[in-house]
Amino acid sequence: MKAKILSTVAAVLMIGVILVALPLTIPKLFGITIYNLLTPSMEPALAVGSAVYAVPCAPESLEPGEIAVYYPDEATSLVQTHRVVENDSQLQQLITKGDANAETDAAPVPYSRVVGKVVFSIPLLGALSEALHSGGGIAVCIAIFAMAFILWTLADKIKKESFK
């Protein structure tokens, strides 16, 4: 009975880590990029800490109402996620606005800085992903794997002793 409990706890630990890792890895195989939403500018549609999943797209194909991912300026590697208000194909730029903002963004977004469009998001997963990618998060994952291994080893030892 003890062996079964230990094995079950080990399996639950491993399944938990895998279930958290799957939505952070599998989409990447299909060309989807995952971002962590850092500001409340898109609330309530996208909450701070959400994992935002974006696919590359032709900027001229973006429609008003869709959510674009883009570099706010050429000097940063951080992206911004705002809703398209207008797509000006003649000037090759987007007019964007955060849902929580009263006004449209001060500067239009040139097509050259558009990364893609948001296809879906998962609340809180972005914050969890950021925590897991930190030194402490990696240590926690390693500790969970180690604990699961130890539990399985103990369960196996208990099983072997009960057959003697």
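Shown above is the structure to which this text applies.
Notes on the structure follow. (Residues numbered from 1 in each chain as written. Predicted model: local features only at pLDDT ≥ 70, side-chain atom pairs only at ≥ 80, totals over all residues. Heavy atoms only, no water.)

## A short note on the pattern of salt bridges
- If you walk through the whole model with that rule in mind, you get three salt bridges.
- Across the pair Lys-117 and Glu-66 runs a salt bridge, and its minimum N-O distance is 3.1 Å. Of the two residues, Lys-117 sits in strand β7 (residues 114–122) while Glu-66 sits in the loop between β2 (51–55) and β3 (67–70), which places them 51 residues apart along the sequence. (Salt bridge = Lys/Arg side-chain N within 4 Å of Asp/Glu carboxyl O. Helix = DSSP H or I, 4+ residues; strand = E, 2+ residues; numbered from the N terminus.)

## Brief notes about the packing of helix α1 (residues 2–25) against helix α3 (residues 135–162)
- Where α1 contacts α3, the two axes come as close as 8 Å, and the packing angle between them is 160°. One way to sum up the angle between α1 and α3 is to call them roughly antiparallel. Crossing hand, α1 versus α3: left-handed. Contacts from Lys-2, Ala-3, Leu-6, Ser-7, Val-9, Ala-10, Ala-11, Leu-13, Met-14 and Val-17 of α1 reach α3 at Ile-144, Phe-145, Met-147, Ala-148, Leu-151, Trp-152, Leu-154, Ala-155, Ile-158 and Lys-159.
- Looking at side-chain class alone, the contact of α1 with α3 contains 17 nonpolar, one polar and two charged residues. (Axes fitted to C-alpha atoms, helices over the stretch in contact; angles between N-to-C directions. Parallel < 35°, antiparallel > 145°, perpendicular 65-115°, else oblique. Left-handed = near helix turned anticlockwise from the far one by under 90°. Contact = heavy atoms within 4.5 Å. Nonpolar A, V, L, I, M, F, W, Y, C, P; charged D, E, K, R; others polar.)

## Some points on the side chain of Thr-96
- Along the chain, Thr-96 falls in strand β5 (residues 93–97).
- There is a polar contact of 3.2 Å between the side chain of Thr-96 and the side chain of Tyr-70.
- A distance of 2.4 Å separates the side chain of Thr-96 from the side chain of Asp-105, its partner in a polar contact.
- Residue contacts for Thr-96: discarding those within four places in its chain leaves Tyr-70, His-82, Arg-83, Val-84, Val-85, Thr-104, Asp-105 and Val-109. (Polar contact = N/O pair within 3.5 Å; in protein donor to acceptor, adjacent residues only side chain to side chain.)

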